[in-house]
Amino acid sequence: MNRSLNRSLLLGLAALAVIAVFAAFLFRPSKQAEPAEQAAVEPQALYWYDPMMPDSHFDKPGKSPFMDMQLVPKYADAPAEPGSAQDADGAFRIDPRVVQNLGVRLATVERQALTQRLLAAGVITVDEHRIEAVQVRAAGWVEQLAVRAVGDPVRRGQLLASVYSPELLAAQDEFLLAQRSGDASLKDASRARLALFGLGDAQIRRIAARGQAERRVEYVASNDGYLMELGARQGAMLSPGMTLFQIASLDTVWLAAELPEAQGAAIKPGDAASASVAAVPGEAFAGKVEYVYPELSGATRTVKLRIALQNPGARLRPGMYATVQLEGAARAEALTVPTEAVIRTGTRSVVLIAEDEARFRPVAVRTGVEVGERIEVLEGLSEGQQVVASGQFLIDSEASLRGALDRLSAPAAESPQPMLDPHSGHEGHQGHQP
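The model shown is predicted, which means the values in this text are computed figures rather than measured ones.

As a further point, take the packing of aromatic side chains. Inspection of the entire model under this criterion finds three aromatic pairs. Relative to Y164, the ring of W141 lies with its centre 6.3 Å away and its plane at 20°, an arrangement referred to as stacked. Here W141, found in strand β9 (residues 140–145), pairs with Y164, found in strand β11 (residues 159–164); they are 23 residues apart in sequence, far enough to count as distant. Between the aromatic rings of Y291 and Y293, the centroid separation amounts to 5.0 Å while the plane-to-plane angle is 80°, which identifies the pairing as edge-to-face. Residue classification places Y293 among the partly exposed positions, given a relative accessible area of 28%. Here the basic side chain of R306 rests over the ring of W254, its NZ or CZ set 4.0 Å away from the ring centre.

Here helix α4 (residues 166–181) crosses helix α5 (residues 184–196) at 160°, and the two axes come no closer than 8 Å. It follows from the interaxial angle that α4 and α5 lie roughly antiparallel. Two packed elements cross with a definite hand, and for α4 against α5 that hand is left-handed. Of α5, the residues touching α4 (which contributes A171, Q172, E174, F175, A178, Q179 and S181) are L186, K187, S190, R191, R193 and L194. For the contact of α4 with α5, the class distribution of residues is five nonpolar, four polar and four charged.

Let us now look at the sheet that holds β11. The four strands are arranged β12-β11-β9-β14 in an open sheet whose pairing can be described as antiparallel. Of all the strands in the sheet, the pair left with one neighbour each is β12 (216–220) and β14 (237–238). With five bridges joining them, β11 and β12 adopt antiparallel strand pairing. Following the sheet pairing, S162 is matched in β12 by E218.

This model, assessed by the stated rule, comprises 18 salt bridges. Linking E340 and R105 is a salt bridge whose minimum nitrogen-to-oxygen distance equals 2.6 Å. Highlighted residues: E340 in the loop between β21 (334–338) and β22 (343–344) and R105 in strand β5 (residues 105–108), separated in sequence by 235 residues. Between R155 and D224 there is a salt bridge whose closest N-O contact spans 3.6 Å. Placement of the pair is R155 in the loop between β10 (153–154) and β11 and D224 in the loop between β12 and β13 (225–230), with a sequence separation of 69 residues.

Here the focus is the environment of V377. Note that V377 resides in strand β25 (residues 374–379). The residues touching V377, leaving out its near neighbours within four places in the chain, are L335, V337, V365, R366 and T367.

Below, the discussion takes up the packing of α4 against helix α6 (residues 201–210). In the contact formed by α4 and α6, the axes pass within 10 Å of each other and the chain directions differ by 55°. As the angle between them shows, α4 and α6 are arranged oblique. Note on packing geometry: the crossing formed by α4 with α6 is right-handed. Seen from α4, the contacting residues are Q172, F175 and L176; seen from α6, they are I204, I207 and A208. Partitioning the contact of α4 with α6 into residue classes produces five nonpolar, one polar and no charged.

Let's shift gears to α6. Among the residues of α6, Q203, I204 and I207 are the ones counted as buried. Projected onto a plane normal to the axis of α6, the buried residues spread over an arc of 100° and lie on a single side. Facing away from the buried surface of α6 by more than 90 degrees, the exposed residues are D201, R205 and A209. G211 sits one or two positions beyond α6 and adopts a positive phi of about 70°.

Here the focus is the environment of Y164. Owing to a relative accessible area of 18%, Y164 belongs among the buried residues under this scheme. Separated by 26 residues in sequence, Y164 and A138 place their C-alpha atoms 9.6 Å apart. If we ignore the near neighbours within four places in the chain, the residues touching Y164 are A139, G140, W141, E143, L169 and R215.

An α-helical turn contains 3.6 residues, so any two residues separated by three or four positions project in the same direction. Between its terminal C-alpha atoms α4 stretches 23 Å, which fits the 22 Å expected from 16 residues at 1.5 Å a residue. By the burial criterion, the buried members of α4 are L168, A171, Q172, F175, L176 and A178. Along the axis of α4, the buried residues cluster in a sector spanning 160°; they form a single face. For α4, the exposed residues set more than 90 degrees away from the buried face come down to L177 and R180. Buried residues along α4 sit in contact with α5, α6 and β12. One or two positions beyond α4, positive phi appears at G182, with a value near 80°.

The strand order across the open sheet built from four strands is β8-β15-β13-β10, with neighbouring strands paired in antiparallel fashion. If you trace the sheet from one side to the other, it starts and ends with β8 (131–135) and β10, each paired once. Where β8 meets strand β15 (residues 243–248), five bridges bridge the pair, whose relative direction is antiparallel. Of the residues in β15, the one forming a bridge with V134 is F245.

Now for unusual backbone geometry. Of note in this structure, R301 is not a glycine but carries a positive phi near 55°. Of the residues examined, R301 reaches a relative accessible area of 42% and is grouped as partly exposed. The phi torsion at A314 lies on the positive side, around 55°, for a residue other than glycine. Within the fold, A314 resides in the loop between β19 (302–310) and β20 (321–330).

A separate point is the side chain of S390. By secondary structure assignment, the location of S390 is in strand β26 (residues 386–390). Residue contacts for S390: discarding those within four places in its chain leaves G103, V104 and R105.

Cut-offs and rules
Residues numbered from 1 in each chain as written. Predicted model: local features only at pLDDT ≥ 70, side-chain atom pairs only at ≥ 80, totals over all residues. Heavy atoms only, no water. Phe/Tyr/Trp six-rings, centres within 6.5 Å; stacked < 30°, edge-to-face > 60°. Helix = DSSP H or I, 4+ residues; strand = E, 2+ residues; numbered from the N terminus. Buried < 20%, exposed > 50% of the residue type's maximum accessible area, 1.4 Å probe, protein only. Lys NZ or Arg CZ within 6 Å of the ring centre and 35° of its normal. Axes fitted to C-alpha atoms, helices over the stretch in contact; angles between N-to-C directions. Parallel < 35°, antiparallel > 145°, perpendicular 65-115°, else oblique. Left-handed = near helix turned anticlockwise from the far one by under 90°. Contact = heavy atoms within 4.5 Å. Nonpolar A, V, L, I, M, F, W, Y, C, P; charged D, E, K, R; others polar. Pairing = 2+ DSSP bridges. Salt bridge = Lys/Arg side-chain N within 4 Å of Asp/Glu carboxyl O. Arc of directions from axis to C-beta. Expected span 1.5 Å × (residues − 1).

What follows is the structure in structure tokens.
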């Protein structure tokens, strides 16, 4: 009986041991996944979106219905999505694959000497320094009028009019008497009197050579040009001081141009200019800024300037419209960036600095003159930095989608550098300045 009891006890203990081993195996802690296995797990995309239209979400990948580009996945705080939060200095990170899809183009901050070139419109006018008035100095009558219409061309030495004047006829007789008297002082005085009446040296010599007074006094043109004003007609009576003709020379002409108020300070007398007109296509007429008028036009808010142009062959005619290119003096070397790299919000100008292929930082800058496709940067950047020249708004859209630009609208006093307003969007961009 004792032997049967011992055998039963041993069998019970063995059963308990088997049960204990089975329970330990069944309830043992599960083995953690290896780090490599965790890294291999593909993060789950919340949705897909078009960077150009970030507010529209899609439940599967594919091509965007808005633009010719693939949809981009949006992940939930996954380690594979680098730095979606904004850094302490205002910079933010975007997946390099997304940056590549956005077509971002970078440019280098360079130091250049800019020469400002401006375009303006103007009108060809008469060179007022080359206008000559022909007036009578004694009473008389027009007996012969050689030029009878305004606009007629005249040549140097050409006869304009012949005038009969009793006073001039008497002065000629006195001159001839002085010539026969042999008194040198009397001769000089009588010659001077004829010159004061407007007779030319050639006519005085002719009178002295013939020894006879001439009934008509001739008025001739002193320069080539055209008749601007005709003050008398054939047979008209003349009084002293009356203007017979006004003659304008076209050897040189003026170009009256106007510049906006903001550009007026860039041009000064002596700066080079080049004009073109529709009547002479393909040819430029070189000149210089002769004068900048001191007054500003109240109606157009423009500065008026005068450019002297040589006019060989009189091809430039008063009244023609012209396009003029002005070249100001070269400025000292300054930092410059492409004009398209500057985002203008209306209250500030901002540039996105590319610190690496995935990290961008917005910086407020102070800009200067804009020349061609480059703009001067007075403050905010350093030489050699990389800035985003295209795709800024796509980056802005991507960063705003993640909430990375929330601090960009903070006041400048709270940040080392003023940041871009995240709500400025595409409407704040003013593009190239005219």
